[in-house]
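Each chain, written out:
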Amino acid sequence: QVQLVESGGGLVQAGGSLRLSCAASGLKFSNFAMGWFRQAPGKEREFVATIDWNGASTYYADSVEGRFTISRDNAKNTLYLQMNSVKPEDTAVYYCAADFQTTGWETFARRYDFWGQGTQVTVSS
């Protein structure tokens with residue numbers, strides 16, 4: 001059974017930092033591109049960042065480019081999202097997702113195969 005479990009969310013002041021983790025089990029982690037998405041209250045889920053199977057290639061939404069960094073440790077079956085210089089508009093539930101492919105990365109949520117349950121990030125002004 002595939003499980004993706006996010007952790008590291010919480011309350012942080014604007015301008016601060018937070019590191020999210022996503023622990024994967026029940027799958028061969030290195031066979032999957034990975035992504036982070038977020039959903040704020042009353043809004044649709046949106047793409048945040050994605051990374052290919054070995055971490056060689058990444059892509060970010062314009063809204064987080066230069067502030068967030070996605071990374072992975074295949075030996076630990078773990079995905080990370082380092083969030084720096086956070087803003088109140090970053091407040092959302094953050095989800096990690098796995099896309100079965102080793103050719104690149106993915107920005108479309110519907111193409112992902114597995115999802116975590118989400119972790120809340122709240123940025124106070």
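Higher on the page you've got the structure.
Scope of this entry: the structure provided in the associated data block. (Residues numbered from 1 in each chain as written. Predicted model: local features only at pLDDT ≥ 70, side-chain atom pairs only at ≥ 80, totals over all residues. Heavy atoms only, no water.)

## Describing the packing of aromatic side chains
One pass over the structure, following the stated rule, counts eight aromatic pairs. Ring geometry for F47 versus Y59: centroids 6.1 Å apart, planes at 25 degrees, classification stacked. Placement of F47 in strand β5 (residues 46-51) and of Y59 in strand β6 (residues 58-60) is noted, with a sequence separation of twelve residues between them. With centroids separated by 6.0 Å and ring planes inclined at 55 degrees, the aromatic side chains of Y112 and W115 adopt a geometry described as tilted. A relative accessible area of 28% means that W115 is categorised as partly exposed. (Phe/Tyr/Trp six-rings, centres within 6.5 Å; stacked < 30°, edge-to-face > 60°. Helix = DSSP H or I, 4+ residues; strand = E, 2+ residues; numbered from the N terminus. Buried < 20%, exposed > 50% of the residue type's maximum accessible area, 1.4 Å probe, protein only.)

## As for the pairing of strand β4 (residues 32-39)
Of all the eight residues making up β4, seven are buried; the element is thus mostly covered by neighbouring parts of the structure. Relative to strand β9 (residues 92-100), β4 is paired through eight bridges, and the arrangement is antiparallel. Looking across to β9, one finds that M34 is bridged to A98. Pairing of β4 with β5, which is carried by five bridges, proceeds in the antiparallel orientation. Within the sheet, the bridge partner assigned to F37 lies in β5 and is F47. (Pairing = 2+ DSSP bridges.)

## So, the state of the cysteines
In this structure the tally under the stated criterion is one disulfide. Note that C22 is cross-linked by a disulfide to C96, the S-S spacing being 2.0 Å. Its torsion about the S-S bond being 50 degrees, the disulfide of C22 and C96 is classed as right-handed. Of this pair, C22 sits in strand β3 (residues 18-25) while C96 sits in strand β9; the two residues are 74 residues apart in sequence, bridging distant segments of the chain. Using a relative accessible area of 0% as the deciding quantity, one classes C22 as buried. (Disulfide = S-S within 2.5 Å.)

## Quick notes on the sheet that holds strand β7 (residues 68-73)
Within a beta sheet, neighbouring strands are joined by backbone hydrogen bonds and run either parallel or antiparallel to one another. In space, the four strands of this open sheet follow the order β1-β3-β8-β7, with antiparallel pairing throughout. Here the strands that pair on one side only, and so sit at the sheet edges, are β1 (3-7) and β7. Across the sheet, the mean angle separating the axes of adjacent strands is 15 degrees when strand polarity is ignored. Pairing analysis gives five bridges linking β1 to β3, with the strands arranged antiparallel. Paired with Q3 across the strands is S25, a residue of β3. (Axes fitted to C-alpha atoms, helices over the stretch in contact; angles between N-to-C directions.)

## Structural notes on unusual backbone geometry
Here N77, not a glycine, exhibits a phi torsion of approximately 55 degrees, which is positive. Within the secondary structure, N77 is located in the loop between β7 and β8 (78-83). Positioned with a positive phi, S85 is a non-glycine residue whose angle comes to about 50 degrees. Along the chain, S85 falls in the loop between β8 and β9.

## Side note on the pattern of salt bridges
A pair can form between side chains of opposite charge whenever their charged atoms are brought close. Counted according to the given criterion, the structure contains four salt bridges. With a closest N to O distance of 2.9 Å, R38 and D90 form a salt bridge. Here R38 is found in strand β4, whereas its partner D90 is found in the loop between β8 and β9, with 52 residues between them in sequence. The salt bridge partner of R111 is E106, with a shortest N-O separation of 3.6 Å. Each of R38, E46, R67 and D90 takes part in a single network of salt bridges with overlapping partners. (Salt bridge = Lys/Arg side-chain N within 4 Å of Asp/Glu carboxyl O.)

Functional significance is not addressed by these values, which are geometric in nature.
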